[in-house]
Amino acid sequence: MASRVSLLLASLGAAFFAQAQSAEAQRKHDVGVSDTEIKLGNIVPYSGPASAFGSVGKVQAAFFRMINEEGGINGRRIKYISYDDGYNPAKTVEQARKLVENDEVLAMFAVLGTAPNSAIQKYLNARKVPHLFVVSGATRWNDPKHFPWTIGYLPSYQAEARIYAKYILSQRPNGKIAVLYQNDDLGKDYLRGLHDGLDGRVSMIVAEEPYEVTQPTIDSSIAKMKSLGADIFVNFSTPKFAAQAIKKVSQLNWKPLQFVSNVSISMANVIRPAGLENAQGVISAAYVKDPTEPRWDSDPGMMAYHQFLAKYLPEVSRADSSAMTGYNIALTMAEVLRRCGDELTRDDLMKQAASLRNLEQDSLLPGIKVNTGPDDYAPIEQLQLMRFEGEHWSLFGEVLSGEFQR
């Protein structure tokens, strides 16, 4: 009898082991993933000179909390681990190593800033850790040959600047241009795009004023640009300095045609601090719907966004464009994870992230879609010009392709 029981137990054990092996074969997963959880690592500046962008991380944490309450993605809950780097690249490196080597995340996701991401790009690619949907429009993120594990998200800064240049040539071909730019890869990418778009008319630029993110103010640069007789002011700066510049231009009673980069269009962090009256007529470009624009009040995508904020993050202003950025990138990441199904490895995650075709998201402007391919790591390459009027940004013209502008 004892031997029969032993044989039965052995048989049951073998069957259970075989089933477990079969289930494991069907449900492949990599470091940072279990049958019930996915760990994503994130780094944003919750403090420091770029803290206005901290809402990107706050919104994404809330978004994945919502996803988890709805049952997760393919049965797995998302563990979103987000650290502060104060927009200091040295701190970014420290936090990235912690996330990869200690927290053992599946991927780095939506790390914010050009300089911070530049500091960790080689490390993540050497470790073959997905470096997905970088919150920066630097062109270096679209380089699958040399950095196959890094994919950007924001429209290219260079393409955006080319669009401004073409508009300037069409409206003020004899104008004098003054440029304020952040003295890092972000600002220099914008500046290169402007030079490129001016198509041999770079002599129109009478001033190129760099600034450091550690500076308290850029007032002296604005005064210098006005003194040189510029009648076009191109403001390639991050929110704190963009707001300062718009306000200072008004204080000096300077009346140039003004442009501000897409990274600094936030009503909450730029326009209102600068003063609505001072921002009238400023031109920028957009790829997402403006949550404060009445025209989108009955739009399904905007209604879903407003409901999300009201329930999960009521303290974040709808006027904070960085919040919308975080929301859009989280939507894209969730779609990539869904497409991975049960086979959630780092290799497959990259494969899915690099094969998005004509992906529509309700929060993007009509006509703008997410597209990636094995040789194209730039998810969004379209923009539409807009002008600040009254209390809102007003779109004008057609949707323009950054690629077309080259």
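One can find the structure itself at the top, above this paragraph.
Residues numbered from 1 in each chain as written. Predicted model: local features only at pLDDT ≥ 70, side-chain atom pairs only at ≥ 80, totals over all residues. Heavy atoms only, no water.

Undergrad: Run through the overall build of the chain, naming residues and quoting values.
TA: A count of helical and extended segments in the chain gives 12 helices and 13 strands. For 406 residues, the compact-globule estimate of 2.2 N^0.38 gives 22 Å, and the chain sits close to it at 24 Å. On the principal axes, the C-alpha backbone points of the chain span a range of 105 × 45 × 35 Å. The burial tally for the chain puts 56% of its 406 residues in the buried class. Accessible surface computed for the chain: about 16800 Å², of which carbon and sulfur atoms make up 50%. On the chain, the mean spot of the 43 positive side-chain charges and the mean spot of the 45 negative ones are 2 Å from each other. (Helix = DSSP H or I, 4+ residues; strand = E, 2+ residues; numbered from the N terminus. Rg over C-alpha atoms; globule rule 2.2 N^0.38 Å. Buried < 20%, exposed > 50% of the residue type's maximum accessible area, 1.4 Å probe, protein only. Areas by Shrake-Rupley, 256 points an atom, 1.4 Å probe, with all protein chains shown as cover. Lys, Arg positive; Asp, Glu negative; His and termini not counted. Charge placed at Lys NZ, Arg CZ, Asp CG, Glu CD.)

Undergrad: Report on the pairing of strand S8 (residues 232–236), specifying residues and quantitative values.
TA: For S8, the buried fraction is high: 5 of the 5 residues fall into the buried class. Because side chains alternate across S8, one face comprises the buried residues Ile232, Val234 and Phe236, and the other comprises Phe233 and Asn235, equally buried. In this structure, strand S6 (residues 177–182) lies alongside S8, joined through 5 bridges in parallel fashion. Across the sheet, Leu180 pairs through a bridge with Asn235, a residue of S8. As for the winding sense of the linkage, the β-α-β connection from S8 through helix H8 (residues 239–251) to strand S9 (residues 257–260) is right-handed. (Pairing = 2+ DSSP bridges. Right-handed = clockwise from strand over helix to strand, strands pointing away.)

Undergrad: Could you give an account of the pattern of salt bridges, naming the residues involved and the relevant values?
TA: According to the stated counting rule, one finds 11 salt bridges in the structure shown. Of the charged contacts, one joins Lys91 and Glu94 as a salt bridge, the two residues approaching to 3.2 Å between their closest N and O atoms. Of this pair, Lys91 and Glu94 both sit in helix H3 (residues 89–102), 3 residues apart, which is roughly one turn of that helix. Residue classification places Lys91 among the partly exposed positions, given a relative accessible area of 30%. On the accessibility criterion, Glu94 (44% relative accessible area) is partly exposed. Between Glu209 and Lys224 there is a salt bridge; the shortest N-O distance is 2.9 Å. Of the two residues, Glu209 sits in strand S7 (residues 205–211) while Lys224 sits in helix H7 (residues 219–227), which places them 15 residues apart along the sequence. The network of salt bridges with common partners includes Arg97, Glu101 and Arg127. (Salt bridge = Lys/Arg side-chain N within 4 Å of Asp/Glu carboxyl O.)

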